[in-house]
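# Breakdown of the fold
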Amino acid sequence: MPYSICTLFEGHYHYGVAALTNSLYKNGFRGSIYAGYRGKLPEWANKVKETTLFQWKGSKTLEVADGLKIHFLPLDTDCHFTNYKPEYMLKLFEGPASDDEGLVYFDPDIVVKCNWDFYETWLSFGVALVHEMLYNDMPASNPIRRQWEQLIAESNRSITSVINSYINAGFCGVPKNCIQFLRVWSEFIELAVNKYGFNKGRFRGFQLGHIFYNGDQDALNITAMCSGCPISEIGPEGMDFEVGGFTMSHATYRPKPWKKNFLQSFFNGIPPNATELNYWKNVEAPIAPYKKRSWVVFKIYCIKIASFLGRFYRRY
């Protein structure tokens, strides 16, 4: 079986899942998307059907288009989803995705920009990762990384990859032969919980500068250093954090593109960015989360007007 996609969502983030799915389809992905969720399914998924394809209680499948399906997997966990990613991917490898060549995780506020073939080529080099926009320059002598090195040694592991930048945990492509990466990632999240008191139900648990300020993301960076798996990194442009990227757009800021009033934001001195426009360009087909196409057209128009005016008026 080829690679499959996975994501996690709850509440209004279903709008992001729709755009992510559309962008994948537009760029040639065909296969399965495993969408773990809490709460209710969105209205645009009202044609889901109970599935017996695999052992996952309450799972339902939506045939989005020819060759593309979303498998909705209800989750019973108190974890903040950002801390649940490696455990979720391991469960998929053990169950629904057991025959797949690998899994590619996307946060539900990401849209894909390039042909899917590039992702498969990327994963042929190992675990696919993208650098963060903040603290991207994180050399080997950085004091936090030095503490991570000590933690790695205390865990009876050794440095296997020299990492000089900070990695974003919103995307992670894992070939099946690199499943050890997920096990190590999960182990370091548990270490943050058991040794440092990190709360898995929260997005962040400590002050900036702590060895586990971003629990899951710091654990991911530690894992990249010592998992023993080959990795392949793209810089912050890989998520449109800097200009020149072609792989994906990651809308990390709040409010999310589907919640934002772009004209009001402009008058506050904050013009739209590329990630927001890319979201609204991916909400019409094959999934249409908005009943009226006129609303989508209006939003894109507002973004273009605010972007033009933002050349002359902005806070920064």
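For the structure itself, look to the data block above.
### Re the environment of threonine 77
Among the secondary structure elements, threonine 77 is positioned in the loop between strand E5 (68-74) and helix H2 (85-94). On the basis of relative accessible area, threonine 77 is assigned to the buried category, the value being 14%. Leave out the neighbours within four places in its chain, and threonine 77 touches Arg38 and Tyr84. Of the polar contacts made by the side chain of threonine 77, one reaches the backbone nitrogen of cysteine 79; its length is 3.1 Å.

### Here we look at helix H4 (residues 143-154)
Its 12 residues place the ends of H4 17 Å apart at the C-alpha level, agreeing with the 16 Å of an ideal helix rising 1.5 Å per residue. If you check which residues of H4 are buried, you get Ile144, Arg145, Trp148, Leu151 and Ile152. The arc that holds the buried residues of H4, viewed along the axis, is 110°, so those residues lie on one side. Along H4, exposed side chains directed more than 90 degrees from the buried face belong to Pro143, Gln150 and Glu154. Where H4 is buried, its residues meet helix H5 (180-196) and helix H6 (215-226). The N-terminus of H4 is capped by asparagine 142, whose side-chain oxygen sits 2.8 Å from the backbone nitrogen of isoleucine 144. Among the residues trailing H4, asparagine 156 stands out with phi positive, at a value near 60°.

### Structural notes on unusual backbone geometry
Here arginine 254 and proline 255 are connected by a cis peptide whose omega angle stands at 0°. Among the structural elements, proline 255 can be located in the loop between strand E11 (248-250) and helix H7 (262-267). Here the bond from alanine 285 into proline 286 is cis, since omega is 0°, no more than 30 degrees from zero. Position of proline 286 among the secondary structure elements: in the loop between helix H8 (274-280) and helix H9 (293-309). One non-glycine residue, asparagine 156, lies in positive phi territory at about 60°.

### What to know about the packing of aromatic side chains
On inspection of all chains with the given rule, the structure shows 25 aromatic pairs. A ring pair is formed by tyrosine 37 and phenylalanine 72, whose centres lie 6.3 Å apart and whose planes are at 85°; its orientation type is edge-to-face. Residue tyrosine 37 is found in strand E2 (residues 31-38), and its partner phenylalanine 72 is found in strand E5; the two are separated by 35 residues along the sequence. For the pair tyrosine 37 and phenylalanine 72, a shared accessibility class is recorded, and that class is buried. On the numbers, 6.1 Å between centres and 55° between planes, the contact of tryptophan 44 with phenylalanine 72 is tilted. Within this pair, whereas tryptophan 44 is found in the loop between E2 and strand E3 (49-50), its partner phenylalanine 72 is found in strand E5, the two being separated by 28 residues in sequence. This pair shows no difference in class: tryptophan 44 is buried, exactly as phenylalanine 72 is. Taken together through their ring pairs, the aromatic side chains of Phe29, Phe106, Trp116, Phe118, Tyr119, Trp122, Phe171 and Phe246 make up a single cluster. The aromatic ring of tyrosine 25 is capped on one face by arginine 30, whose charged end is 3.7 Å from the ring centroid.

### Side note on the packing of H4 against H6
Look at H4 against H6: their axes get within 10 Å of each other, and the N-to-C directions meet at 65°. Judged on the interaxial angle alone, H6 and H4 are roughly perpendicular. Pair H4 / H6 crosses with right-handed handedness. Judged by residue contacts, Arg145, Trp148, Glu149, Leu151 and Ile152 of H4 engage Asp218, Asn221, Ile222, Met225 and Cys226 from H6. Class assignment for the residues of the contact of H4 with H6 results in 6 nonpolar, 1 polar and 3 charged.

Criteria and cut-off values
- Residues numbered from 1 in each chain as written.
- Predicted model: local features only at pLDDT ≥ 70, side-chain atom pairs only at ≥ 80, totals over all residues.
- Heavy atoms only, no water.
- Helix = DSSP H or I, 4+ residues; strand = E, 2+ residues; numbered from the N terminus.
- Buried < 20%, exposed > 50% of the residue type's maximum accessible area, 1.4 Å probe, protein only.
- Contact = heavy atoms within 4.5 Å.
- Polar contact = N/O pair within 3.5 Å; in protein donor to acceptor, adjacent residues only side chain to side chain.
- Expected span 1.5 Å × (residues − 1).
- Arc of directions from axis to C-beta.
- Phe/Tyr/Trp six-rings, centres within 6.5 Å; stacked < 30°, edge-to-face > 60°.
- Lys NZ or Arg CZ within 6 Å of the ring centre and 35° of its normal.
- Axes fitted to C-alpha atoms, helices over the stretch in contact; angles between N-to-C directions.
- Parallel < 35°, antiparallel > 145°, perpendicular 65-115°, else oblique.
- Left-handed = near helix turned anticlockwise from the far one by under 90°.
- Nonpolar A, V, L, I, M, F, W, Y, C, P; charged D, E, K, R; others polar.

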